Amino acid sequence: MKCIDQYRNPDLIVGLKEGIAHLAEKMARKITIMEICGTHTQAIGRWGLRRLLPENVQLVSGPGCPVCVTSSADVDRALYLASLDRVIFTTFGDMLRVPGSEGRSLQVLRAEGADIRVVFSPVDALRIALDNPKREVIFLGIGFETTAPVVASTVIKAKEKEIKNFSVFSVHKTIPKAIEALLDDTALSIDGFICPGHVSVITGVMAYEAIPKAKRAAVITGFEPLDILEGIWMILKQISSARFEVAVQYERAVRKTGNPKARRLMEEVFAPGHAEWRGLGVIEGSGLYLNDLYMEFDAMKRFSMPLVEAVDPPGCLCGEVLKGKVTPHQCPLFAEICQPQHPVGPCMVSGEGTCAAYFKYEREDCFS
Ligand code: SF4
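This is a predicted model, so every value here is computed, not measured.

**Q** Sorry if this is basic, but what is going on with the overall build of the protein here?
**A** The helix and strand tally for the protein stands at 17 helices and 12 strands. Over its C-alpha trace the protein gives a radius of gyration of 21 Å, about what one expects of a compact globule, namely 21 Å for 368 residues. The principal-axis extents of the C-alpha atoms in the protein amount to approximately 65 × 45 × 45 Å. Within the protein, the fraction of its 368 residues that count as buried is 49%.

Okay, structure coming up:
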């Protein structure tokens, strides 16, 4: 507790608030900073950090919630695989309620009788495969560089143990490619990025070199209030001095070189390919798929998949929310038809979703 308290010290928070205000006043223009990671979005809401910032510093949320960026087409593919005979479909809990086309979800399918099980790790899915040799066990591999290495090591273990009834439906994505797509989008004008703390533990700083090249600020930041405020202060320093780099605020967890061992695991098992992101569209090289060496564990190759023509939930602005173009408040369905108990889009489903964070911490009626 003592360790965490130092990152919540009210005196230091006031000092940083003043430092940010001082820099922002000197710049005298609107500064837009995007936090990429859903955990940052949650922390910003939880600690009321938006309200500590001067009017000309705006925080917008980006595509850092893996559940939210999964396309409706991939949700439909997961639904198809989960409905097959003899299949036990395993998934992290967050994906259960994400609606695909026509509002169907894994939760609905499970209620209709499909064998869909929530697991906390791909290792649990592998264990289920060992316990059920006459069934096909599919694991829904979702997440960024943080979860992909664990999935990779599980696939390696499945190959070593010659487990024939286990496969992975990989919708893994990589964050740096998404940031590059945001930088290329001329309709967005993001001045700086709060880079994701967890992903950076694996990738290190090199993964974000496109940001300073595009003359935008980048700081890899931790998740406590002081971390985030210091990250914002460091971003403003870069902008005010026009000296751009990928700085590390979260030094207690992130090494500049990241975690090469975890990256090697990913490289051993996965190959990059096109991936469809909700809101961002298809981004070249941003998906991770099982490579030729491990293709026997690729659910997309093991089971024939019909053509999927997906439809996003009508009226849902998740795609715009994930690019920071609108806030959840600007979605007409927010907190009315769309609530965490009955979500319309994925950004309201996941604990890391922007709409869920706004609903929990930043609904206008919270402040009235
Ligand atoms: S409030 Fe609901 S419908 Fe609107 S963008 Fe968010 S998830 Fe989609």
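Having seen it, we continue.
**Q** Is there a simple way to think about unusual backbone geometry in this case?
**A** Leaving glycine out, the prevailing phi sign among residues is negative, and the prevailing peptide bond configuration is trans. Of note, Ala28 is a non-glycine position whose phi angle comes to about 50 degrees, a positive value. Mapped onto the elements, Ala28 comes out in the loop between α2 (10–27) and β1 (31–35). The phi angle at Arg86 is positive, at roughly 65 degrees, despite the residue not being glycine.

**Q** Would you take a moment to explain the packing of helix α3 (residues 38–46) against helix α16 (residues 354–361) for this structure?
**A** The relative placement of two packed helices is expressed as an angle between their axes plus a distance between the axes. Two numbers describe how α3 lies on α16: the axes approach to 9 Å, and their chain directions differ by 15 degrees. On the basis of their axis angle, the class for α3 and α16 is roughly parallel. Relative to α16, the crossing made by α3 is right-handed. Here Thr41, Gln42, Gly45 and Arg46 of α3 come into contact with α16, specifically with Thr354, Ala357, Tyr358, Lys360 and Tyr361.

**Q** What is the right way to look at the site of the ligand in this model?
**A** Taken together, 15 residues form the shell around the ligand, and within it Cys316, Cys331, Cys338, Gly345 and Cys355 come nearest. Here the shell around the ligand is built from residues that sort into 14 nonpolar, one polar and no charged.

**Q** Hey, could you run me through the packing of helix α8 (residues 148–160) against helix α13 (residues 260–269) in this one?
**A** Where α8 meets α13, the axes come as close as 8 Å, and the angle between the chain directions of the two elements is 55 degrees. Taken together, the axes of α8 and α13 lie oblique to each other. Relative to α13, α8 is oriented so that their crossing is left-handed. Across from Ala148, Pro149, Ala152, Ser153, Val155 and Ile156 in α8, the residues of α13 making contact are Ala262, Leu265, Met266, Glu268 and Val269. For the contact of α8 with α13, a count of residues per class yields nine nonpolar, one polar and one charged.

**Q** Just checking my understanding: could you explain the sheet that holds strand β9 (residues 217–220) for this structure?
**A** Strand pairs in the sheet, formed through backbone hydrogen bonds, run parallel or antiparallel to each other. If you trace the five strands from one edge of the open sheet to the other, you get β2-β1-β8-β9-β10, paired in parallel fashion. Both edges of this open sheet fall to β2 (57–61) and β10 (246–248), since each of them pairs with a single strand only. Across the sheet, the axes of successive neighbouring strands diverge by a mean angle of 25 degrees, strand direction being ignored. Sheet topology note: the strand β8 (residues 192–195)/β9 ladder contains four bridges and is parallel. Bridge pairing in β9 places Ile194 opposite Val219.

Calculation criteria
Residues numbered from 1 in each chain as written. Predicted model: local features only at pLDDT ≥ 70, side-chain atom pairs only at ≥ 80, totals over all residues. Helix = DSSP H or I, 4+ residues; strand = E, 2+ residues; numbered from the N terminus. Rg over C-alpha atoms; globule rule 2.2 N^0.38 Å. Buried ≥ 20, exposed ≤ 12 C-beta atoms within 10 Å, placed from the backbone. Axes fitted to C-alpha atoms, helices over the stretch in contact; angles between N-to-C directions. Parallel < 35°, antiparallel > 145°, perpendicular 65-115°, else oblique. Left-handed = near helix turned anticlockwise from the far one by under 90°. Contact = placed C-beta atoms within 7 Å. Near = placed C-beta within 6 Å. Nonpolar A, V, L, I, M, F, W, Y, C, P; charged D, E, K, R; others polar. Pairing = 2+ DSSP bridges.

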